[in-house]
Every structure is written in C-alpha cells, then in structure tokens.
Amino acid sequence: LQAMMRMRQWQWVAIALAGLLLLVLSTLAVRQVIRLRQMRTLAMSDPLTGIANRRSLERQGNTAVADAQAHGTHLCLLSLDIDHFKRINDNHGHAAGDTVLRQVALACQNALRQFDLLGRIGGEEFIVLLPGAELEQAIDVAERLRRCVESLRFPDELSELRVTISLGVTKLHQTDRDLSALAIRADRALYRAKAGG
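Keep in mind it's a predicted model, so treat the numbers as computed, not measured.

Draft legend 1. Here's a closer look at the overall build of the protein chain. The secondary structure content of the protein chain amounts to six helices and four strands. Sequence-ordered secondary structure for the protein chain, helices as α and strands as β, is α-α-β-α-α-β-β-α-β-α. The globule rule puts the C-alpha radius of gyration for 197 residues at 16 Å, and the 26 Å found for the protein chain is more than 25% above it. With respect to the principal axes defined by its C-alpha atoms, the protein chain has extents near 95 × 50 × 20 Å. Expressed as a percentage of its 197 residues, the buried residues of the protein chain come to 36%. Considering only contacts in the protein chain between residues 6 or more positions apart, those separated by 24 or more positions represent 65%.

Laid out in structure tokens, this is it:
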C-alpha cells in the first residue's frame, strides 16, 4: 500500500512537471510568434517613417499588378520625390531631414485611401500604388498629395522651412508584367516634372 501511495505521488509529480513543461513551452511559442511578427514588420517597413519599404512595395506591387492583369482592373502608380532634399540636410542637418521625411510620409498617408499603398524606396523617394484608380483619378491624387506636402508647417527652428514634392504618374498597360515597368515610366514622368519646375 505504501509503495502504491509513493507511486501515486510520483505520478502526480510527473503530471505537475508535465503541466509546467507544457506551460513553459506554450509561453516560449507565444514569444516566438510575437518575435516573428515583429521581425516581419521590421523586414517589411521603413524604420524611419513606418511605411512600407522597397521589399514590401515590390512584393505587394507585383501582386497588385498580377491581380489587375488577371481581372482587367485599373491600377496606377505615383512616383514622388522631395524637392531639394539635399539642401534641407545641408542647411538644417540630418535630424531635420528625418523630420521632413516623417512628416511628408504622414501627410501623404493621411491623404490616401485606406487600401492605397505608400512606401519609401530610398532616400527622399516614395511610391504610391493606387489599386482600381484610373489615370485621371491618379492625377487628382497626385495633386492632392502635392498640396498636402506644400501646406506642411514645421515646429521651432524649422518654422521657416517649406517643402515641396514632384510627382510622376502612370497607369498599368496590358503589356506590364510587374511593378518595375510602371516604376520606370513613373520615374521618367517624375524627372520631366522636376525638369519642368
């Protein structure tokens, strides 16, 4: 009887240890899922502005192009660049440049539809993907973004700073197979806009 009682005690200890081990493993699994989500967010977003980065834009953009081609829907792309950004960094410092980048990204994000995609592709260059938009609508969006950025006001020592952007707009053609074809055309339009003042 005593041997059976000891055996039962050991069984309860084993059950308790198994439960504790299961709890520890569950906690570790939850932490791992949270870390993976954080890593994915870091991998797919620009750390300075919080918007999509180049990798995310390419992935989502190529999916949007494929979907639009498959369903025969409209898709437009805007390429935008902050005018004279080097001058901002040179005259006011890189911290001011970072502030400008964040504020421009926020202003543009607030002026877009919820399902439009804004991303930073490097430096002071951004791309906006407009699913379902026809060219005329995209031109209207570009003008709205231009006005929003132009109306930005900055605090303190940057209060005199005025920022403008130049934009290039293009639409999806039947022959486009990926995002890069649209980005090349939008960049050409952007540089024509910069050259035209």
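That was the structure; now back to the text.
Draft legend 2. Examining a nonpolar patch on the surface more closely. Together, Trp10, Val13, Leu17, Leu20, Leu21, Leu23, Val24, Leu25 and Leu28 give the surface a local cluster of nonpolar side chains, amounting to about 910 Å² of exposed area. Within the secondary structure, Trp10 is located in helix α1 (residues 2-44). Here Trp10 falls in the exposed class, since its relative accessible area comes to 61%.

Draft legend 3. Representation of the sheet that holds strand β2 (residues 117-122). Strand order in the open sheet formed by four strands is β2-β3-β1-β4, and the pairing between neighbours is antiparallel. Each end of this open sheet is capped by a strand with a single partner; those strands are β2 and β4 (165-171). The mean angle between the axes of side-by-side strands here comes to 20 degrees, regardless of whether they run parallel or antiparallel. Of the pairings in the sheet, the one linking β2 to strand β3 (residues 125-131) comprises five bridges and is antiparallel in character. Looking across to β3, one finds that Arg120 is bridged to Phe126. On top of the sheet, helix α2 (residues 54-71) reaches β1 (75-82), β2 and β3; it is set at about 130 degrees to β2, its chief contact.

Conventions we followed
- Residues numbered from 1 in each chain as written.
- Predicted model: local features only at pLDDT ≥ 70, side-chain atom pairs only at ≥ 80, totals over all residues.
- Heavy atoms only, no water.
- Helix = DSSP H or I, 4+ residues; strand = E, 2+ residues; numbered from the N terminus.
- Rg over C-alpha atoms; globule rule 2.2 N^0.38 Å.
- Buried < 20%, exposed > 50% of the residue type's maximum accessible area, 1.4 Å probe, protein only.
- Contact = heavy atoms within 4.5 Å.
- Patch = residues over 30% accessible without salt bridge, like charges linked within 9 Å, V, L, I, M, F, W, Y side chains within 5 Å.
- Areas by Shrake-Rupley, 256 points an atom, 1.4 Å probe, with all protein chains shown as cover.
- Salt bridge = Lys/Arg side-chain N within 4 Å of Asp/Glu carboxyl O.
- Pairing = 2+ DSSP bridges.
- Axes fitted to C-alpha atoms, helices over the stretch in contact; angles between N-to-C directions.

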